[in-house]
Every structure is written in C-alpha cells, then in structure tokens.
Amino acid sequence: MTAELVRGQNHPLDRTRVEIRVTAGSPVMAGVTLGDEQGRLAGAEAVAHPGAPRRTGVEVPRQAAAEHRIAVDLDALPAAVHRVSVLLALTGGTGLTTFGPAAAPAVTVTGLDGTALARYTVTGLGAESAVVAVELYRRQGGWKVRAVGQGYAGGLTAMLGDQGLPQAAELAAEIEEAVGRGQARAVPAPGPVAASRSERPGAGPAAAARPSSAHPPAPDGPAASATGPGTGPGTGPENVPGTVPGAGAQAGAGTPGAAPAPVGGGPVDYRHPKRRSTPAPAGPAPAAPASSPAAASSSAAGPASPDGPPLPAAGDAAGWSMEERLYNQVWGMFEDLARSVAAYRSASGFAESRLEQELDQALSDPRNRLGTAADEARAAARDKHAALVTQARAALDRDLAQLAAESAVVEPALPPAFARWDNPVWQGHHPPSTRPMALRLGDLHLPEVLDLRIPMLVRLPLERGLWIDSGPGSYAAGTGPDPGRDIPRRELGSALTDGPPDEAELRRLAMETAVAIAARLLAGHPAGDFSVQVIDPGGTAAPALAPLVESGVLPAAPVPGVQGVTAVLEALTRRVDLFQMAMRHRAADSLPPDLDPADQLLIVHDFPHGFDDRALTRLRYLADEGPAVGVHLMLVADRAQAREHGPVLDPLWRSLLRITPVPDAHLADPWVGHAWTYEPPLAPKGSQVVRQVLSRVAAARRGS
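Keep in mind the model is a prediction, meaning the values are calculated, not measured. (Residues numbered from 1 in each chain as written. Predicted model: local features only at pLDDT ≥ 70, side-chain atom pairs only at ≥ 80, totals over all residues. Heavy atoms only, no water.)

### Comments concerning the overall build of the protein chain
- When its secondary structure is counted, the protein chain shows 14 helices and 21 strands.
- Classification of the 704 residues of the protein chain by burial places 46% in the buried group.
- Taking the intrachain contacts of the protein chain between residues at least 6 apart in sequence as the baseline, contacts between residues at least 24 apart amount to 70%.
- By element, 55% of the accessible surface of the protein chain is carried by carbon and sulfur atoms, the whole surface being about 32500 Å². (Helix = DSSP H or I, 4+ residues; strand = E, 2+ residues; numbered from the N terminus. Buried < 20%, exposed > 50% of the residue type's maximum accessible area, 1.4 Å probe, protein only. Contact = heavy atoms within 4.5 Å. Areas by Shrake-Rupley, 256 points an atom, 1.4 Å probe, with all protein chains shown as cover.)

### A short note on the nonpolar core
- Leu337, Trp421 and Ile603 are the most contacted members of the largest nonpolar core, which totals 75 residues.
- Element by element, the count of residues in this core is highest for helix H9 (residues 503-524), at eleven residues.
- Once residues lying within four places of it in the same chain are set aside, the contact partners of isoleucine 603 are Met511, Ala514, Ala518, Val532, Gln533, Val534, Ile535, Met634 and Val636.
- Ranked by size, the runner-up nonpolar core spans 58 residues in total, among them Val60, Val84, Val107 and Leu136. (Core = buried A, V, L, I, M, F, W, Y, C linked by side-chain atoms within 4.5 Å.)

### A word on the environment of alanine 347
- Its place among the elements puts alanine 347 in helix H6 (residues 322-364).
- For the pair formed by alanine 347 and glutamine 391, sequence separation is 44 residues and the distance between their alpha carbons is 9.0 Å.

### Re the packing of aromatic side chains
- For the structure shown, the criterion picks out seven aromatic pairs.
- Here the aromatic rings of tryptophan 467 and tryptophan 653 are separated by 4.7 Å at their centres, their planes lie at 50 degrees, and the arrangement is tilted. Here tryptophan 467, found in strand E15 (residues 466-469), pairs with tryptophan 653, found in helix H13 (residues 650-655); they are 186 residues apart in sequence, far enough to count as distant. Residue tryptophan 467 shares its accessibility class with tryptophan 653, and that shared class is buried.
- Directly above the aromatic system of tyrosine 327 lies the positively charged group of arginine 459, at a separation of 5.3 Å from the ring centroid. (Phe/Tyr/Trp six-rings, centres within 6.5 Å; stacked < 30°, edge-to-face > 60°. Lys NZ or Arg CZ within 6 Å of the ring centre and 35° of its normal.)

### Observations regarding the pairing of E15
- Both faces of E15 are covered, namely the face carrying Leu466 and Ile468 and the face carrying Trp467 and Asp469.
- Taken together, the four bridges between E15 and strand E18 (residues 631-637) define a ladder with parallel strand orientation. Within E18, the residue paired with leucine 466 across the bridge is methionine 634.
- As paired elements, E15 and strand E19 (residues 657-659) share three bridges and run parallel to each other. Of the residues in E19, the one forming a bridge with leucine 466 is leucine 657. (Pairing = 2+ DSSP bridges.)

### Remarks on the sheet that holds strand E21 (residues 675-679)
- The strand order across the open sheet built from four strands is E14-E13-E21-E20, with neighbouring strands paired in antiparallel fashion. The sheet is open, and its two edges are formed by strand E14 (449-459) and strand E20 (664-668), each paired on a single side. Shown here is a sheet whose adjacent strand axes are inclined to one another by a mean of 45 degrees, direction ignored.
- As judged from the three bridges shared by E20 and E21, these two strands associate in the antiparallel manner. Among the inter-strand pairings, alanine 668 is bridged to a residue of E21, identified as alanine 675.
- Across the sheet, helix H7 (residues 373-413) is in contact with strand E13 (438-446) and E14; its angle to E14 comes to roughly 55 degrees. (Axes fitted to C-alpha atoms, helices over the stretch in contact; angles between N-to-C directions.)

### Section: unusual backbone geometry
- Of note, the amide linkage connecting leucine 460 to proline 461 takes the cis form, showing an omega dihedral of 0 degrees.
- For proline 461, the location among the structural elements is in the loop between E14 and E15.
- The omega torsion across phenylalanine 607 and proline 608 is 5 degrees, close enough to zero to call that bond cis.
- The topology assignment puts proline 608 in the loop between strand E17 (599-607) and helix H12 (613-625).
- Residues other than glycine seldom take positive phi values, yet glutamine 140 does so here, at roughly 55 degrees.
- For glutamine 140, the location among the structural elements is in the loop between strand E11 (130-139) and strand E12 (142-152).

### Re the environment of arginine 620
- Turning to its location among the elements, arginine 620 is positioned in helix H12.
- According to the relative accessible area criterion, arginine 620 is partly exposed, its value standing at 29%.
- For the pair arginine 620 and leucine 633, spaced 13 residues apart in sequence, the C-alpha to C-alpha distance is 9.8 Å.
- Setting aside anything within four residues of it in sequence, one finds arginine 620 in contact with Val648 and Pro651.

### Description of the pattern of salt bridges
- What the rule picks out here adds up to 29 salt bridges.
- With a shortest N-O distance of 3.7 Å, arginine 69 and glutamate 19 are connected by a salt bridge. Remark: glutamate 19 occurs in strand E3 (residues 17-35) and arginine 69 occurs in strand E7 (residues 65-73); sequence separation between them is 50 residues. Judged on exposure class, the residue arginine 69 and its partner glutamate 19 are both buried. (Salt bridge = Lys/Arg side-chain N within 4 Å of Asp/Glu carboxyl O.)

### Side note on the packing of H6 against H7
- Two elements in contact, H6 and H7, have axes whose closest approach is 9 Å; the angle formed by their N-to-C orientations is 175 degrees. Of the possible angle classes, the one that applies to H6 and H7 is roughly antiparallel.
- Across the contact of H6 with H7, the residue classes break down as 24 nonpolar, four polar and ten charged. (Parallel < 35°, antiparallel > 145°, perpendicular 65-115°, else oblique. Nonpolar A, V, L, I, M, F, W, Y, C, P; charged D, E, K, R; others polar.)

### Here's the deal with the sheet that holds E19
- Overall, parallel pairing links the five strands, which are arranged E16-E17-E18-E15-E19 in an open sheet. Among the strands making up the open sheet, the edge pair consists of strand E16 (530-535) and E19. Shown here is a sheet whose adjacent strand axes are inclined to one another by a mean of 20 degrees, direction ignored.
- Strands E15, E16, E17, E18 and E19 of the sheet are contacted by H9, whose axis makes an angle of about 180 degrees with E17.
- Strands in contact with H12 are E17 and E18; relative to E17, the strand with the most contacts, it is inclined by about 140 degrees.

### Structural notes on the packing of helix H10 (residues 542-551) against helix H14 (residues 689-703)
- Between H10 and H14, the shortest axis-to-axis distance is 8 Å and the interhelical angle comes to 30 degrees. Here H10 lies roughly parallel to H14, going by the angle between them. The crossing of H10 and H14 is right-handed. Contacts between H10 and H14 pair Ala546, Pro547, Leu548, Glu550 and Ser551 from the former with Arg691, Leu694, Ser695, Ala698 and Arg702 from the latter.
- Residues that form the contact of H10 with H14 fall into these classes: five nonpolar, two polar and three charged. (Left-handed = near helix turned anticlockwise from the far one by under 90°.)

### Focus on the confidence of the model for the protein chain
- Mean pLDDT over the protein chain: 78, with 76% of residues reaching 70 or higher.
- Confidence drops under pLDDT 50 across residues 277-306; counting only partners more than four residues distant or on other chains, this segment forms 39 contacts. (pLDDT = per-residue confidence, 0-100.)

### Side note on the side chain of glutamine 580
- Checked against the element boundaries, glutamine 580 lands in helix H11 (residues 561-584).
- The residues touching glutamine 580, leaving out its near neighbours within four places in the chain, are Tyr621, Glu625 and Val629.

Listed below in structure tokens is the structure:
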C-alpha cells in the first residue's frame, strides 16, 4: 500500500534503489542535495542539478519540466551522506515566479518496478519560489523518507544557503543558466509572421489542418535523443523519452537554422492529453528495428494520409518503457471509447427529447390537429430526429474506426502479461527477468460496438483481491434478453453459454477463469518469484486444477476437508506475520530459511464450504494485510451460499473486485457511468496454450 504522507511524517523504505517522481502544475527545476547528519553540504559537488545532473548514486533531469523522474541508489552514496533532499524551484525560464498560482506539486517515491512506496503533496505554498519537498535519511542502518515541504521566498539562493553552502548565490546563478540552456535547446525559436495560405508555396488543406505548437522540453532519460538542438525525435510533443521515430522530424526539416514552417489555426483537439498524436513527418522517418513487434505493427500499417489523421502506432503514449507506454495507451483507448459513446448517447437523448417537444408543440395548436398540417409537422419533426441521430452515429463511427485501427496495431504488440491467450507472443514465451507492471484480467466492451474489445489491465501487485462469482443468481435476475451479453457469450470459446447459465457450467468456468489468471501471474513473473496455493475443501476442482498439478507448478492436489483449509491458512498467516515484523524492524535477513520469499496467490474454491469461524477470521486477515507483503487472495464463490454467516463477511465481499466467468455487464466506471460488459480471460476452446505456458514456467523453476 502507498503511504500518503503529511508534512513532517516519515515512512521506512524497504529497498535502496528507488525512483522519485515529481508532478507539478507548471515546469519546475528538480535537483538533489547530499548532506551530512546535520543536513549541511560539503560544497557545490554535493548538489545534483541540470548543469551537473550526475552525482554518485543520484541522477536528475537536465531541464525544467512539469514531470520529473530522479534515480537514487542509496547503496552507492558515500558513507558521509546521511540526507538526500529533493529540491524544486521555479527559475526564470519556467514562466511562474512563485508556487502560489500553480497546482500543488506532488512527489512519489517508487521502486524500480513502478510500485509506489510513499507520496507527498506539497500544499500551503504561496510566495515561495523554491522548496525542499522530501528527504531520504539514514536511520539505524536503514533509510526513511520524510515529507518536508519547507519553502523559501528567497529562491535557490536562500535554500542552498540554509543548507550551509558558502557559494550559494554563485551555484544558484549556475543552475539558472543551465536551465536556460536547456530551454533554448528544447523549444524552437518562433518563426516569422505567417503569410496567407494562398501566398505560401505548397500550402493546402493538409498543411492548414496541421496544428502548430511549441514543443516543451523533453526530460533527461535513458532514451533521450542525442541529435542537435531542436531536431530529432528527442523533442517530441509529449515530453518523454522513447518517442516514436519521426515524431520530431518536422522541427528539424529544411536547411540548418531555418525557422519552422508557420501553419494556420486548426480545430480544437479534444483527444486525451497523455496520448501523443504525431503529425506526419516532413521527411522519411528512420526505420525501426524489424525485430520489435511494435515496429512491425507500425510499419505494416503504412504511411499516414497527408490530409487525414495519422495512422496509429503501438506505444504512442507517455512512458519510460514500452510496457508503460502500452499500458497508458490501452487506458487512453478506454477513455476515448467511453467519451465517444457518452457523446453519442447524449446526442441521441437530445434528439429524442427534441422530437417529443416538437410533436407536443405541433399538436398543442387545435388548428393543426385537422387536415395535413399535423402530418406535415410530425414528419418534419421525425426527419429532424433522424438527421440528428444519423449525424451522431456518423461521428461515433468515425471515432470507432480510429479506435479499431489503433486496437489492430496495439494488440499484436502487447507483452505477454497484457496479451490475449490467442496472441502469438505466448507461443515462444519464456519467463521474464523483471516483474510486469500490470496484468490483463479480461476484456471490456460496450453494446454500441460489440466487436471492439479494450483490455482490462490492473496494476501489479494486486492491492485488491479477486472474487470470481460462480453463483447463477446474479445472471438469472434479468427477465428480458440482453443482446450486449448474449452475443459475446456465443463468441466465448470455452463453453456453450447461450441461454440461462447452468449452475454446474458456471462453477467449472469460474475455476477455469481462476486457473487462467493464475497462469498469467506465474508466466509474467520471473521464475521462482510467484507461487500458487489452493484451498479446495470439497475436492471438486481437480479437473480445472489439472494444468497446474500436471505441469508441476502446484506440487500436489490440495488436501480436501477442514485439515487442508487449516494447514494453508496457518502457513500463509505465519508468512504475513513474519514479513510484517521483518519490514517493521528492518530485519529481512532474519527470516527463517524455510519461508518461501515468493509472492503467493491463494485460490479458495467453493468458499465458504469447509470454513469455521477461526478460518474465516484468518481469511479476512489475509485479505486485509496480505497484499502489502505479497499474499493475494482469489475467491471462487457464490455469495448466496454465505448467507448463513450474515453481515460478518460483508466487508470481505466489498474489499474484493468481482469478475464473472461469463460475459456480464456489471462493471461501471465512475467517470461517465457506462455499464461495461466484462469478458473473462479464458483460452480458446481446445487450445493447449495454458498447459504449454505452465510447463515452461515449471521448467524455468527447475533450472533456476
């Protein structure tokens, strides 16, 4: 769980290689000071800033920006360094002079895998132009993070002087100069006054439709471009490294030193701000490596039309890695689809209400009730209604066509943890060396477009447990047919699910869904970093568990009866207790050697059968405390069977994310209120891909 800090609060760090992410409402300079036990600086070499971004164990960005990532290796710091302070400052080139008018900056300390450890929002700033946001400090052989939030109206000079630096004014001036150089490199100079479209050579609709923008500076990162100032992909519009090749070619086209070609104003762009929309480059873009699946998908799409929207590309979103960019792109597609369908439904509702008003108005006059006047008024009102609905549908179809084209490019490029089971990436899959940042739990779609599926991705590690609903009551509640559910059921390859769900079939599909999700988790983690435990008191899940048992990932079939329930819960409860004590006292090396350090997924089948009051208490304890120490819960249960326990289990049900073994429209997003139809991540009927993947996982475990 992420610790939300307030000013003065501290939080222990369980790792020494961390990343500090800064988000501000306007461009700021981010730096780091390395102080002794009293926080005093030994000299200018103890400050990492845009002019000197690398110090031992620390690396900061080279430019001012609204978002920063600072890499810190606490083990690599000199022994004399006891405090690592993160500084934020407004310099002359950032636009603002004080933090008061801007949004409060937020600082998040994360692991290298993106797991947020602690977060602090620096509130209460007014006339200050520099602030010490957080500090990492040594304490009894470990490290902690403290929310500081100390602002300085005197700027960098006052802040550095307060930390005991004699040459504070000189270093502050050097930092200002370095930030100015970074701004000059990243932002192209404004061009001359634009002539009219008819006076510009080569001007036409394509050129006029291209919006012009001054690109903000790109932050320093491992994939930053090394080309000249204002040229190359390093100056792309989204301010992140790893921009799609050719994203900045337009800025550098033409002769050296020439100003960028001025363009006319265009329409307002309502697209998602975190998703790049790269204009067509003026020259040929550099070719991407053919071995990259994203590059292969992008090149297969062909060049973009000069007068139409740019063709989509996989990874066309913000992020420091291809995995993070694909994750953000998928959720951008989800938001775009939700927004487009919401606009269509709103326009259709307006057309209906306008039709009713015009019909009422036409019939309210007694003179129009006789003869042909009433018929003409009704026909005119219906024609207006049809025209409005047709116009709204045309806009929706246009957006859906763009999203479908983007989905066709993104799906083949997804990594295994994000991909469907029929994706070819699983055929040559081998356990990775790093943990995934998210997991695909299934697909989502809306009834307006049944053939466009959006992957449902959840961040890892799972902060909430999963509940796979195996009860037929919730599905049989509807009295009329629901085409949004019946059509995808026929497309589901693992079972015949037309008509009312059968109870036995639901139980089988629920356990297959649990095994499919467990297989994804096992395959997405490095060998030996994830394990599965199963509780099956009735022993009825043996057919569904066969892939886990036969591959050797699950050492043996679960022990039936109360004995099996007690043994598994006791072992996992002991694990949670020991890990909590080790984290609290910074004694990870003192854990018993027989304790499995791998993260655990507990699958409970046919809950609450076989559970007494003591077992229920332990299960609730695991659901509450387990995720923080790597123990995750997955229930396969029918809630109706737990009614005898009364409201005791209500907090447990509310803490779990409910998913279904058959498509069901039960997930609602709080953003626009759509009811999304969820489809489980089951393998195609007759496919052996789950068994093959689990066999590779077991082989990698034996070889490690």
